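# Tertiary structure, described
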Amino acid sequence: MEVYMAHFDTSGLADAQAELLAQDIDVVRLGYCDIIGTDRGRDVLVNRFGRTVSSGVAFCRSVYGTTPGGDVVDINGGLSDGLPDILAFPVLETLQRVPWEPGVAHCIADVFNPDGSPSEESPRQVLKRVVTQFAQLGMRPICGPELEFYILEENDRAPNGWARYGESTGNVYVSGLRGDPENVLLSSLRQLGEYGIEVVAANHEFSSGQFEINLWHSEALDAADRAHRFKAAVKELARHRGKLATFMAKPFNDEGGSGFHIHFSMWSDDDRPLFDDPSSADGLSDCAHWAIGGVLAHAPALAALANPTINSYKRFGPDTLAPWLIDWGLDNRSAMVRIPPERGGASRLELRLGDASANPYLATAALLAAAYLGVRDRIEPGAPLVGYGYDPERSPMLPTHLDEALDALETDTQMREVLGDTFVQTFLTYKRDEIRRFRSFITDWEFTEYTYHL
């Protein structure tokens, strides 16, 4: 017990408890992000909050190895070691009232081992590790997340019981009831606007039932915290309406996928934009070029975390507006790395590689790790793409399957070092089990393809 008490800063717990009670909040939902991005947690009564969390709230470490189907993958230090604990401790500055749950506040937790050291498998700790390495260079990474998702509604005639909400063609970038007949998006935008996660705008996306809500930019850890909360909130708000929100990369054969784009820039400790250089031909600094070069050089390993599911790789391909090749371009949406036209303090790159199924902490950490290596090693990106970027003779291809991306991550020793080898090994073990389970499962496609004719 003394080890736990010595590690956790408990000085703010009493004041936090008193403030919550003054706001008529009687439950704190203490949550942390697992490997796949699910918010795991526990509801804690506020009148016992300080006492309950002061030594950390214990969870089984194998929650990191729990699959969507409820299986437990034997990660290192998990099942074979007797299912030991990890400890979640509240990050008090993240306490936030939940607008749609009266009397409830959410608090993000950092996760530790029983000896008080950070849990290296924790996605939030992985991102903190990378941000710390930037700090040693005197740099602050700033990120702006953009996430797309589908809203589905129950339908007995649909093969899997769910159909796209508001089905109608051609409703790209429309507002109002035309593409959102029950005002699900508008209602969600208003409630999210009261949740302290800095949502700023929303629109109907390209496909029926597909929407995008934009979040403002901020320092990388805060941006990932907000993106994680955003995904959990969107799904919860859909449940309140009897609907299903999904951030699956490509849930339908006949419609496009959902992306997770990250706008990224770096700033100095004295608040200078490090990507801007008015004297260069393209207005970008050497630092910006090196960051782009690092992202390109480590793109195959980056894909394992930005496109983390078997389904992710069905989103890619020519004419999909999802990247297919490892390239960069100036205001070119067909490139993997797009440089928006703004300069000055708005100089940034947009990584268009990721899909919406990505864990926000891990996708951000992977982007930052690759950019960090580019800056550290002064990697030049080469010439930018000109024209439409789906010609494999001009640029190397990204991984086409999850197992290719996992192999790239395993062999990219520099990325492993920046992200943390313990985390990478856990991630590889978990995801390779996912591939094993998929390959042994009989799909609907196989039944349709073979049963009648064979």
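Residues numbered from 1 in each chain as written. Predicted model: local features only at pLDDT ≥ 70, side-chain atom pairs only at ≥ 80, totals over all residues. Heavy atoms only, no water.

### Some points on empty space enclosed by the protein
Evaluated as defined, the whole model comprises three cavities of 30 Å³ or more. As a volume, the largest cavity reaches approximately 50 Å³. Counting only elements with at least two residues in the lining of the largest cavity, the list comes to strand 7 (139-154), helix 5 (184-193) and helix 6 (220-240). (1 Å grid on protein atoms, 1.4 Å probe; cavity = no way out; pocket = protein on both sides within 12 Å on 5 of 7 lines; lining within 4 Å. Points joined across faces, edges and corners; volume = space filled by probe spheres on them. Helix = DSSP H or I, 4+ residues; strand = E, 2+ residues; numbered from the N terminus.)

### A closer look at the packing of aromatic side chains
In total, this model carries 14 aromatic pairs according to the counting rule given. Ring centres of tyrosine 313 and phenylalanine 316 lie 5.7 Å apart, and the angle between their planes is 85°; this geometry places the pair in the edge-to-face category. Judged by its relative accessible area of 12%, phenylalanine 316 falls in the buried class. An angle of 40° between the planes, with centres 5.8 Å apart, marks the rings of phenylalanine 423 and phenylalanine 427 as tilted. With phenylalanine 423 and phenylalanine 427 both in helix 12 (residues 421-439), this residue pair falls four residues apart, about one helical turn. (Phe/Tyr/Trp six-rings, centres within 6.5 Å; stacked < 30°, edge-to-face > 60°. Buried < 20%, exposed > 50% of the residue type's maximum accessible area, 1.4 Å probe, protein only.)

### Let's talk about unusual backbone geometry
Unusually for a residue other than glycine, aspartate 271 sits at a positive phi of about 65°. Positive phi, normally seen in glycine, also occurs at arginine 378, with a value near 50°. Judged by relative accessible area, which is 56%, arginine 378 ranks as exposed.

### Looking at the nonpolar core
Among the nonpolar cores identified, the biggest contains 127 residues, and Leu192, Phe230, Phe264, Met336, Val337 and Leu419 are the most heavily contacted of them. Examining the composition of this core, we find that 13 residues originate from one element, helix 9 (residues 360-377), more than from any other. Each of two domains, domain 1 (13-119) and domain 2 (129-444), supplies a minimum of three residues to this core. Leucine 419 has contacts with Val126, Arg129, Val130, Leu305, Ala365, Ala366, Ala369, Leu409 and Val424, leaving out every residue within four places of it along the chain. (Core = buried A, V, L, I, M, F, W, Y, C linked by side-chain atoms within 4.5 Å. Domains from an automatic or database assignment. Contact = heavy atoms within 4.5 Å.)

### Section: the UniProt feature "domain: GS catalytic" (unreviewed entry) in the chain
Cross-referencing UniProt, the feature "domain: GS catalytic" (unreviewed entry) maps to residues 123-454 in the present numbering. In this annotation, residues 123-454 is assigned 38% helix and 17% strand; the end-to-end C-alpha distance for the span is 46 Å. (UniProt positions renumbered as here; feature names shortened; annotations may be inferred.)

### Here we look at the packing of helix 6 against helix 9
Relative to each other, helix 6 and helix 9 sit at 150°, their axes nearing to 8 Å. Considering the angle they form, helix 6 stands roughly antiparallel to helix 9. Helix 9 is crossed by helix 6, and the crossing has right-handed handedness. Judged by residue contacts, Ala220, Leu221, Ala224, Asp225, Ala227, His228 and Lys231 of helix 6 engage Pro360, Tyr361, Thr364 and Leu368 from helix 9. A per-class count over the contact of helix 6 with helix 9 returns seven nonpolar, two polar and two charged. (Axes fitted to C-alpha atoms, helices over the stretch in contact; angles between N-to-C directions. Parallel < 35°, antiparallel > 145°, perpendicular 65-115°, else oblique. Left-handed = near helix turned anticlockwise from the far one by under 90°. Nonpolar A, V, L, I, M, F, W, Y, C, P; charged D, E, K, R; others polar.)

### Considering the domain arrangement of the chain
Note: interface size is frequently given as the accessible area lost on complex formation between the parts. According to the domain assignment, the chain consists of domain 1 (13-119) and domain 2 (129-444). Measuring from the centre of the C-alpha atoms in domain 1 to the corresponding centre in domain 2 gives 26 Å. Between domain 1 and domain 2, the residue contacts involve 27 residues of the former and 25 residues of the latter. Of the roughly 2,100 Å² buried where domain 1 meets domain 2, counting both sides, 64% is carbon and sulfur surface. For the domain 1 face of the interface with domain 2, the top three residues by lost area are Ile35, Trp100 and Ile108, together amounting to 34%. Our count for the domain 1 to domain 2 interface comes out at seven residue pairs in polar contact (both at pLDDT 80 or more). (Buried area = accessible area lost by both parts, 1.4 Å probe. Polar contact = N/O pair within 3.5 Å; in protein donor to acceptor, adjacent residues only side chain to side chain.)

### Concerning the state of the cysteines
According to the stated counting rule, one finds zero disulfides in the structure shown. In this structure cysteine 33 is not part of a disulfide, and its nearest cysteine sulfur, from cysteine 107, lies 15 Å away. The exposure class assigned to cysteine 33 is buried, which follows from its relative accessible area of 4%. A disulfide-free cysteine, cysteine 60 has its sulfur positioned 17 Å from the sulfur of cysteine 33, the nearest such atom. Here cysteine 60 falls in the partly exposed class, since its relative accessible area comes to 31%. (Disulfide = S-S within 2.5 Å.)

### Focus: the pairing of strand 1 (residues 27-33)
Burial analysis of strand 1 places six of its seven residues in the buried class, the great majority of the element. Across five bridges, strand 1 lies against strand 6 (residues 104-112) in parallel orientation. When the sheet's bridge partners are listed, arginine 29 is paired in strand 6 with histidine 106. Taking the residues that link successive antiparallel strands as the turn, the strand 1-strand 2 (residues 39-45) hairpin has five residues, and the phi of glycine 37 there is positive, at about 100°. (Pairing = 2+ DSSP bridges.)

### Observations regarding helix 5
The complete set of buried residues in helix 5 reads Val184, Leu185, Ser188 and Leu192. Buried residues in helix 5, looked at end-on, bunch into an arc of 90°, giving them a common side. In this structure, helix 5 carries Arg190 and Gly193 as exposed residues pointing more than 90 degrees from its buried face. Elements that come into contact with the buried residues of helix 5 comprise strand 7, strand 9 (199-204), strand 10 (210-215), helix 6 and strand 12 (243-246). (Arc of directions from axis to C-beta.)

### Some thoughts on the layout of surface pockets
Unoccupied space between atoms shows up once a probe the size of one water molecule is rolled over them. Volume-wise, the second largest pocket comes out at about 960 Å³. Looking at the second largest pocket, it is lined by 39 residues, and the ones nearest its centre are Glu146, Glu212, His261, Glu350 and Arg352. Secondary structure elements with two or more residues in the lining of the second largest pocket: strand 7, strand 10 and strand 13 (260-268). Of the residues assigned to the lining of the second largest pocket, the class counts are 14 nonpolar, 13 polar and twelve charged.

### Some words on a nonpolar patch on the surface
A cluster of nonpolar side chains, contributed by Val72, Leu79 and Leu83, occupies part of the molecular surface with about 230 Å² of accessible area. Mapping leucine 83 onto the fold places it in the loop between strand 3 (57-60) and strand 4 (85-90). Leucine 83 gets classed as partly exposed once you look at its relative accessible area, which sits at 39%. (Patch = residues over 30% accessible without salt bridge, like charges linked within 9 Å, V, L, I, M, F, W, Y side chains within 5 Å. Areas by Shrake-Rupley, 256 points an atom, 1.4 Å probe, with all protein chains shown as cover. Salt bridge = Lys/Arg side-chain N within 4 Å of Asp/Glu carboxyl O.)

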